[in-house]
Structures are given as structure tokens and as C-alpha cells.
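Architecture at a glance
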Amino acid sequence: MALKIVKGSIDRMFDKNLQDLVRGIRNHKEEEAKYISTCIDEIKQELKQDNIAVKANAVCKLTYLQMLGYDVSWAAFNIVEVMSSSKFTYKRIGYLAASQCFHESTDVIMLTTNQIRKDLSSPNQYDTGVALTGLSCFVTPDLARDLANDIMTLMSHTKPYIRKKAVLIMYKVFLKYPESLRPAFPRLKEKLEDPDPGVQSAAVNVICELARRNPKNYLSLAPLFFKLMTSSTNNWVLIKIIKLFGALTPLEPRLGKKLIEPLTNLIHSTSAMSLLYECVNTVIAVLISLSSGMPNHSASIQLCVQKLRILIEDSDQNLKYLGLLAMSKILKTHPKSVQSHKDLILQCLDDKDESIRLRALDLLYGMVSKKNLMEIVKKLMLHVDKAEGTTYRDELLTKIIDICSQSNYQYITNFEWYISILVELTRLEGTRHGHLIASQMLDVAIRVKAIRGFAVAQMATLLDNAHLLTGNVQRKGICEVLYAAAWICGEFSEHLENPMQTLEAMLRPKVATLPGHIQAVYVQNAAKLFATVLKSGEGSADSTAAQEMMIERLPLFVQSANLEVQERASCILQLVKYIQKLQQKDVEIAEEVIALFAGELNPVAPKAQKKVPVPEGLDLDAWINEPPSESESEDEQPRAIFSKEEPKYSRPRHTEVDEKELAKRREVRKQEQASNPFYIKSSPSSQKVYQEGPGVEHIPVVQIDLTVPLKVPGLPMSDQYVKLEEERRQKDRADKKKKEKKKRKEKRGGGRGKKHDSGPESEEDITPAHMVDIVTEEMPENALPSDDDDKDPNDPHKALDIDLDKPLADNEKLPVRSHRAAEVLKSPTEDEDEPVVQSEETSVVAAPPTSTTSEVSDLDFWLSNAPVPSNAQEAAPVAADPVPEAASGAAPDSEPEEPKDTEAEETPMSNYCLLAENSYIKMMLEDADQVNDIQGNLQDGSQVVVSVIFENKCESFLKSMEFNVLDSLNSKLQRPEGSGAHDALSVPFQLPPGVSNEARFVFTMQSIVMPQKLKGTLTFIVKNEDSSTHEKLEFKLHFTCSSYLITTPCYSDAFAKLLESGDLKCSSVKLEGISMPFHHLLAKICFHHHFSVVERIDSCASMYSRSIQGHHVCLLVKTSEQTVSIDAKCDEPTLLGNVLDEIKQTFSQC
Amino acid sequence: MQFMLLFSRQGKLRLQKWYVPLSDKERKKISRDLVQTILARKPKMCSFLEWRDLKIVYKRYASLYFCCAVEDQDNELITLEIIHRYVELLDKYFGSVCELDIIFNFEKAYFILDEFLLGGEAQETSKKNVLKAIEQADLLQEEAEVPRSVLEEIGLT
């Protein structure tokens, strides 16, 4: 025995440790694999020994090898052995190895459950620590289920070190075992208010991660997080919370309103870029979720854009990149604010960093308008010429096309310009996007009828100069445009000036070197051209020449190796021959030939097929015949517009070399010609076609780098159009001004004329150069609107979409170890363990069924409060929490009654009431709410913001909604500057069927002492598929005096001073037969009339509120039996009287 | 955070920490891909790139690249901050850290990382606390590992 141990120790001395291994590997760079395989053999020997130190050393080395990419899964069991060592040194290594090497499919993991549990409850906090750390990496669903309860216990450990880790790991547990979320959540929530900041931040982390995935279940936590946000100074925590709010606001627009102010404050004050960036991002998200129309929101957007500009201007590439990224988010909703920074973004196109250039390109996409499209594209074209590297150039090319073609060519005013841009793009060398340009050419030529003449002329020139496109081998991709050119020339051949010339160009022998599918199109369209020539003059010289040309040249294509080309060519050849024969017999045949190609092709919408409605009674899944025993269904491949064709083997090799050679010769010759003043430049079409010479392979070929962009002669440059367009617009403007002047002159006699200032040109002023009718894509009749559900069913976070407000059911408890462990462990947490489990059970019983409703109304209440960030939460708990902090000792008796009253509480607490409704639309009015900035409004009259929710109840589309209110002397609807006093405000959105949206309207009030009723109308257009009708809905807006009150917290001493001052007038009211508990009564007053509780003693409470014009309103509410008496004081008796009437009314309704 | 990788300018992996369960094969593929992509980037380029559906945040410190993969909505700047914080921690622990420190004491580098991040989330934002925890754990380790001579062991038996 002794001997064995001695031997073990001596062995150990000679064993390699990790350092030796690393050194060894570094010394054997040449034969690393061999060296490592000997090392692995050694390790295997070491693992066979009993000595745990040797084993641990071996495992440590294995962990290193694992990182280098060697498979160590065979040692999994040894790792478990080392993990279970009682010594921390080895345990640490064991857990590290496990966390690096184990994954879900490692089968020994299930052996570890008891060991981990033992370590979790170890008296040594570092044992527990390593176990938790390790577990976070290799937790499996089984481990999560078995250990969830143990970890939950650790969340209340005495040491913050353990609590922190336990809280964080719960997130991994939830992911693996979603059932644990509900039982563990209450405790997790508790940890948000843990005294240790580390634990608190861990809890924030976990809840934020959970909430980001399923925000709607966490809405009720908003007030708590709001409090944390306004009180925390830890940037890490703040970032998480702000991100969480970003996820919550789309679900609750009112939350957004509340957030804007603290967020803008943070933006102004913080020096941490990461926090600033997060705030800006969230403000953007908030503003996107709010509908526009709030006056102070444009300020927030401006602030964001300003800050982002600073980021973009920074020399730090990272900030620049992020600035651009965030800018593109603003762009989607507020394009105008971003457009003013066009200069900056264009500058970024010159940045050294490609990723920044690409971001800038993304932004440009959204910034174009009719006005600046040409200018932007011109800049981009310059960049195309300058760009190094084909990837970036290709990216530019696709972006140019994207920018121009977006939303159905919305921004293109001049399609001639666009066609010439496309033609210019064909000069690009080595681009892969020939097919993209081609499909644009086709699309424009087909859909913009007015442009066909021009397009055909351009395409004919392209065909004529096809050699420039195909000449260079590098330019393979671009020859796709010839496909489009040939098709356009053939299909719209009636627009061709000189069809003979184009026909000749299409039948040149060189065409046979093009890819098969392009040749096929050439042949087919040559036939169309032929038909046109024939029609233009049967028996004329042209037509006979055309005939001869066809008969002479087509046989070349008949021999083509490409089946499609061959088939079409031989068909057409026979056809031409037959026509010739008929013509010799003097038969008039042109009409019949043209009939072969009659009819127009219309574009079909990409989703048309999907949208064909299934006829009634047709079951697509039912078998028509009995299914065959083993069906071999071959899925039909979707056919692309252009079949990608691999070069055929049969094509002779030397043609390619020949191509290069030709290009070279041509280039040399061109340069000669260019420098020779005596050379009379021929038209490009007359260029000779070179014959293949034998033995060209031997000639050494030098690749010429064509730095000079090839210019296709005879083509107009797009720049010309920019100039032309500029002139045209100027002329337009001048014309308009003249007209305006005339009008003004005419009007001057009439007296008052509206002033139009012809300042900056607006979008609508730009008239398109041609009357362009864009043919819309065809859809099948009765197409169904379909929504594509794109939620990923495999998302692990989907399982965590769990309602957390529902009380726990009995079967939801976490599995607790039921059998007795063999050894009883002594642990510091054990004492705590028992009561914890118990309290879990009791909470199941005691949890009042109110939690859902009270949580919701809590949130509602909190949201409807005036946002006074530092104090808001003080007032918040009053509504739902029956025991406010100020009077916690007061009403323990009323607690058990609570469940009974919940139904009563549920309904009236809703914040929205019906305003008006008809069969088309429903208008819901949110409790009139004050403008955020209270101080600012105290002097200059007062503003009240009304939120109206419009809900489309019918099957049709509602648009052009206009909201109008008959102003009274006292209250006026705020209208944009320049509009008349009776003009309607247009609602800034349209409503598809079933959709609702919220709009806000600002009213200015002169006096607030009296309630107001305003009559209004909403007009809108109901648009059906075939008709549209004007509809009207009348409503009455009721401004109560309570809606002029702002919940303002007040301290009891200030309150006492106010009462003593003697400036206040007194009034009182008595309510009879009120049976609700006192705290509900207070909550109601707080909620509906915007009061806050100052102090509460037993059945007596003082309350305070302030009007938007600064009137103080104080209440003393007393209750005895079923009578409630309210004594009130206010410096404005009329207002007070009205408020009291309103309170009375509130309680008479229930 | 989904994972963190440390690799050298030569593309050798020095440290890897995965916070999402992936098979060895996938891990290898991802790290190979990323190492290549990042090493190909020019020094003047920004530290962020979009990769598959993740965002990659990386930074180079001397000869080592630190690279983190975060999700779409995560904050890039705070991830950079995490990387920097980790480097500071290594620096404090090893005393002006160099690549060799991490190679030869790679388990220590892991221990520090584990004290700083857990399950991909920052667990301790105070540098002092992280180092304190590491030091105490190390102390525990040394206590357990009081070197016993061969003779002593014989004598004990």
C-alpha cells in the first residue's frame, strides 16, 4: 500500500503538467498532431491511476486540448470523477472541464445530478459558486427540472455572492424547463429590490432577458422598473432596463409617453456612449410606437438625430457605424429629419471602412425623394467608377437599382434617365449582376408604356455594340443584359427605327458564342423582327433582304449544341422558307406572320399564385385517386427567369482564348484610331467580324486591365438628363410663379387672398417628365389577403411565453427531492430551506384571485398619472395596494374583504370610454390627459391632449379621415399654422379592416373652471374594392373639470401650510350609500379625478391635486357607516364646485 | 451573449466560452469562420459586424483578438465595455497581461471570466469584487495544495 502511494507520487513528479504540455506543443510546431497524440496516450495512462491529483492534472490538460479542437468526449467520465473530488482545487478543474466539454448529448451528465446538488448546498460558498458556474454552461432539461428547486432556494442564500449567481442561472433553467418560471417568478421579482446591488442587477438582467422575448407578460412590472430607472445610477442596469422599456412600449403606447421625458433627460446628461446609444435607440422605438401628432415629439426626434450626427461625425469608427445604424431606424418613420443630414451621409460613402459605406448606402435607400433621386444616383455612379474591389462595386450597383426601383419606381420622374442609367451600368466590369440590370430593363420596358420607344432605341444600340459587352472574358456576367435587349427589341419592334439593322445585329455569327439561353432569345426575337419587317412592306427590298438574311444565317443556330436554340432555329428557318415559297406564289402573308406574335404580355404579381382562392368544395389535400403504394413525386423546380447555364463542354476551347485576343486587338486598334487624327471613325455597326484563325493558342495573351471605362458610342449619358431635368424643373417653377403672380394680381382686386410662399420646392411640385403609367402587376380575381406567419416555431423563448400574473396552481410547484438523501448535509441554507418551501405553499392558498385585475389596473393607474418621475411611484401604489406606505397600520381589517370587490373594481377602472360609433368606425376616448410639460403650460393658457382610438369595424379600408371640432370661445382645437379656424385636421393614418390606432389632438383652453362640451365630426372615405363612399360620424367631446387636474404629490406639512394660508374657499359634499371599502373609494378618486393621497388615518384621508393653471384643490374625505363626507378647499370656487359634482357623479354611477 | 472567443493574430484559438449549447462540430465551424472573417478585416474598420443572425463585437489587444457574439437587440458598446473590462481584469490579475500568460494559465483566465460573466450575462460589474472572489478561491486552492514531500507522504502512511 505504502509502496503504491510512493510510486504514485514519484510518477506525479515526472508527469507533464499543463505548462509542460503547452511548452511541448510550442516546441513541436512541425509535427503538432503527432506530439499531441502521444500526449493523449500519456493522459489516458494517467487517467487510469487512482491518484485524484494525477487525474485532475490530466483533465486539465484535456481541457486545453479540447480548445485546440481535439475530441475529448471519451474522458467525460473522468471529468465527472474529478468534479466529485472533495478538494476545491480539483473540483474547480473538474467543473471547468465539464463546462467546456459537456453538452446536452453528453450522457454522463445525468450521473452528475446528485453531485451538483451536494455542491450547491456545500458550506463553502466557492464550492457552490463553481457548481453554479459550471451548471450554467451544461444545464440540460433534466438537470434543470431536478435542480430548479435547489437553485431557487439559493436565490435567498445569505451570501450575495451566491444569490447573484443563483439569480442569473435561473434564466438558463427557465429556458430548459419553462415550467419552473411561474413558481420561481415571485422570488425573482423580490430580488429586484435586493439590498445588494449585484444581486439586484442580476435580477434586472434576468427579467429583462425574459421580458424582451415575451414582453406582454411583464407589462405589470413597468412601474417597478420605472422606479429603478429613475433611481439607479449603474449604467449596466440602466441599459438593460431601457432596453426592456423599448420592448414594452409597442404594447402600451401610454408607457411611451411617460418614458420620453426621463429618457431625454438621460440623453442630455449621460457621458457614457453606450447608455446614450441605448437611450436614443429606445426613444426611437417609443416614437415609432406612438402615432405622430404630438408637438413635443418632434423635439425628441430632433434631439436623437442631433446626437446621432455627433456620433457619425466622431472619428471613432465604431460610433460612426452605430450612428448610421440608428439613423436608419429613424428613417423609417421620420424620413424628413434624416434627410436634412444628407451631406453627412454622402460623406460617409468615402469612408475607408467598407462596413460604414454599406451602412450609409442603406440610409440613402430611404432618403431619396423625387427631388433628389437623380442627384443621389449621380453621386453613386461616381462612386461606382471609383470603387475598388468588385464586391463593393456590385453592392453599389444593386443599391442603385434598389433605390430607383423602390416602391414601384415611386421616385422616378424621368424614365429615359433611368434607362440610360441602366445602360451606363452595363459598362461595369466583372459584375455579377447582369441579370439584375436585365430584369430592370425588362420590367421598365414592359410596365412603362410611354418609355418603350426610347428603350427600344437604346436596346438596339446595345445589340449593335454587343461586342463591347461580350468582348472581355471578365465581362461574362454582363452579357445577360443582351437577353433583355434582344427581347425588348423583338417584342416592341414596332418602335424600331431601323429594324433591318437590328435584325442584322441579332444574327451575327458572334452571337453563337453567347450562352445558350441568350441565343435562344435572339433567335426567337429575330423572328419577331422579321415579322415586323415583312409587315412594313411586303415584297419590298427590305423584306426580301431580311428573308435572305434569315435563310443564310439561321443554319448556324440550327447546328447549335443547345437544344433550345437548335429547336427554335430550325422551326423558324422552316417557317421563313415556307413564307418565301408562299410569297413566290404571290400570297399575302404578312398579317398571318404577325399574328404569330400578337398579344401583349402583362406582368404577374409575385404572390399572385399564392393568392388564388381555393374554390369552395375543393380539398387540396384529399386524394383524387387512391394513393399509389409508394409515391415518387418529383417536385417541380421553380423556374427562374433566366436559366443559369453552365458552359458546355462541346464548345471549343480556343474560342475563349480567341475572345481575349479579339478584345486585345480591338483595344489596340481603338487606341490607334483614337490617336490618329486622319482616321475617319466608322460607325460601330460596320466593324468587321473577325474570323477565327487557326493556332491562336500559341500566341501569348496579355490580359489588359481596362481602366478606362468603356463607353458605348452613340448612347446618351445619364448626366445629360440631370441637367435637362434641372432646366425643366426650373421652367416649371418659373411657369408656376408666373401663374401665381397672375392669380395674385387677379386676387388683389378681390381683397383677401391666401398667401402662398413659394419657398422650398415640395415633393408634389415636381411633375413627372412623361405621363407615366406604370402597369400594375396582375392578381387573380378574388385574391385573398394573406398574412405570412413568420414566427419561428423552434424559438426556445416561445416556451417562456407564460402569464406570470395568474396565481399558482397546486400542480405547478417545483419538483422537490422526495426521497431521503443518503447523507444529511449540513448547510447554512438548510434552516431557510424549510420555511421557504412552506411559504411557497401558503402563497398558493393565500394568493388572492385579484392579482390579475389589480395588477392591470395598477398599471393603468400608474400610466394615467401625470409623469412626475421622481414622485410618480409614491402615488402609484395607492390605487391597487390597499396598504399605502403612509398609512400601513390603518386597514388590516379590510384586507380579507378584497376578493369580493374585485369585479366592481374591474370595470370602472378602464381608462377608455366610448366616444362615438357607427357601423364603420368606433372612436374611443382616452381620459383626457395633460401635456407632459406642466410648468411650461402654467402661464401660456393651457393645453389638454385628447387621445382618441379609432377602430375600423367594417371590412373595408378607411382613409382620408378628418377630425373636426366646432371651437367654442373657451376651447380651441390646435390646428397647424396657416390653416383656418374651421379647417379639419387630417388623422395621420389610414385604417385597414379590423385595425385600430391612436391619434392625439391638442386643445387650448382659456378657462378651466367649467366643464366643456364640444361638438365634432369625423369624416372619412370607406374604400371597397370597387367603390368608395364618404361617411361621417358625429360625436361630443366632454371635458370634465377633473381632466384639468394633474396628479401632483404633496407632503403633509406643505398641505397643512396650504390649508392654514386662508386663501382657499371651502365647500363640501356628502355621499350616501357607499358600500365600497375606503381604500377603493380613495383609489377611485385618485384614478378618475387625478388626486393623490397626502395622508390617511383610519377612515379619514386628505387628498391633493392641482389644476393645469395652478389652482390647488384639497380634499378631506371621511367615511362612517355608508356615508362619505368630503370637505374641500380650493382657490377657485367654481372649479371646486364642478369637481365635487363630478366626484358625486362618479359614485352615483356605481 | 452567445459566446466569447480569444484568438491570436495567427488564428490560434486561445480561449473559448460558449453560453449556448452547440455540438463540438458546430463550435469548430463557427470559430473557424469567425477567425477568418475577423482576421481578414482591416485595422481601420469598425469593431462590429453582422454575421448570420448575430452581431459580432471584437477588439484587438496587442496580438490577441477578443470576440463576442451577441444578439440582434443587444448593445454593441456595452459589449465592447465587457471585453475591455475582462482585459482589465486579466491585466490586474496577471500584472500587465500578455498572450503567454493566457496560454500557460488558461484555466485561470477561465476562472476570471466565470467570475465576471455567468451564462452570458455580466454578473459582477465591480472589478474589485471579481478579483476578491478570485483571490479567495485561489487561497482556498493553495491551502488544499500545500505541497507535501514524498517523504512526508511515506511518513504519513
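Here we summarise the structure given alongside this text. Note that the structure is a prediction, hence the values are computed from the model and not measured. (Residues numbered from 1 in each chain as written. Chains lettered and ligands numbered in written order. Predicted model: local features only at pLDDT ≥ 70, side-chain atom pairs only at ≥ 80, totals over all residues. Heavy atoms only, no water.)

1. Overview of the overall build of chain B
The helix and strand inventory of chain B stands at 6 helices and 7 strands. Its helices and strands taken in sequence order, chain B reads β-β-α-β-β-β-α-α-α-β-β-α-α from the N to the C terminus. Considering chain B as a whole, with its 157 residues, one finds that 56% of them fall into the buried category. A separation of at least 24 residues holds for 47% of the contacts in chain B among residues at least 6 apart in sequence. Accessible area of chain B: about 7000 Å², with a carbon and sulfur share of 52%. (Helix = DSSP H or I, 4+ residues; strand = E, 2+ residues; numbered from the N terminus. Buried < 20%, exposed > 50% of the residue type's maximum accessible area, 1.4 Å probe, protein only. Contact = heavy atoms within 4.5 Å. Areas by Shrake-Rupley, 256 points an atom, 1.4 Å probe, with all protein chains shown as cover.)

2. As for empty space enclosed by the protein
Applying the stated rule across the entire model yields 11 cavities of 30 Å³ or more. One number sums up the size of the largest cavity: a volume of about 290 Å³. What lines the largest cavity is a set of 22 residues, and nearest its centre among them are N205 and K240 of chain A together with I78, I82 and E121 of chain B. Secondary structure elements with two or more residues in the lining of the largest cavity: helix 12 (197-213) and helix 14 (235-248) of chain A together with helix 2 (76-94) and strand 7 (121-122) of chain B. (1 Å grid on protein atoms, 1.4 Å probe; cavity = no way out; pocket = protein on both sides within 12 Å on 5 of 7 lines; lining within 4 Å. Points joined across faces, edges and corners; volume = space filled by probe spheres on them.)

3. Side note on the interface of chain B and chain A
If you look at the interface, chain B gives 63 residues, while chain A gives 66 residues. With both sides pooled, the region where chain B packs onto chain A buries about 6000 Å², and carbon together with sulfur makes up 57% of that total. Counting every contact that joins chain B to chain A gives 7 salt bridges. Notably, a salt bridge pairs E50 of chain B with R359 of chain A, separated by 2.7 Å at the nearest N-O pair. Here chain B is connected to chain A by 25 residue pairs in polar contact (both at pLDDT 80 or more). (Buried area = accessible area lost by both parts, 1.4 Å probe. Salt bridge = Lys/Arg side-chain N within 4 Å of Asp/Glu carboxyl O. Polar contact = N/O pair within 3.5 Å; in protein donor to acceptor, adjacent residues only side chain to side chain.)

4. Here's the deal with the side chain of S1105 of chain A
Residue and element names in this part refer to chain A. Mapped onto the elements of the fold, S1105 is located in strand 14 (residues 1100-1107). Under the relative-accessibility criterion, S1105 is labelled buried at 0%. Side-chain polar atoms of S1105 contact the backbone oxygen of H1090, separated by 2.8 Å. With residues near it in sequence (within four places) discarded, S1105 still touches L1045, I1046, T1047, H1090, F1091, H1111, H1112 and V1113.

5. What about the sheet that holds strand 9 (residues 1012-1023) of chain A?
Residues and elements named next belong to chain A. Taken in spatial order, the 4 strands make up an open sheet running 7-5-9-10, and their pairing is antiparallel. Here the strands that pair on one side only, and so sit at the sheet edges, are strand 7 (985-986) and strand 10 (1028-1039). In this sheet, strand 9 lies alongside strand 5 (residues 957-965) in antiparallel orientation, the contact comprising 7 bridges. From the neighbouring strand, F963 faces strand 9, where its bridge partner is L1018. (Pairing = 2+ DSSP bridges.)

6. Some thoughts on helix 30 (residues 516-536) of chain A
End to end, helix 30 of chain A covers 30 Å across 21 residues, agreeing with the expected 30 Å (1.5 Å per residue, within 8%). Counting buried positions along helix 30 of chain A gives 18 out of 21 residues, so the element sits mostly inside the fold. (Expected span 1.5 Å × (residues − 1).)

7. Focus: the sheet that holds strand 2 (residues 13-18) of chain B
Residues and elements named next belong to chain B. Taken in spatial order, the 5 strands of this open sheet run 2-1-5-4-3, and their pairing is antiparallel. Whereas interior strands pair on both sides, the edge strands pair on one side only; in this sheet they are strand 2 and strand 3 (48-51). Shown here is a sheet whose adjacent strand axes are inclined to one another by a mean of 20°, direction ignored. Across 5 bridges, strand 1 (residues 3-8) lies against strand 2 in antiparallel orientation. From the neighbouring strand, M4 faces strand 2, where its bridge partner is K17. (Axes fitted to C-alpha atoms, helices over the stretch in contact; angles between N-to-C directions.)

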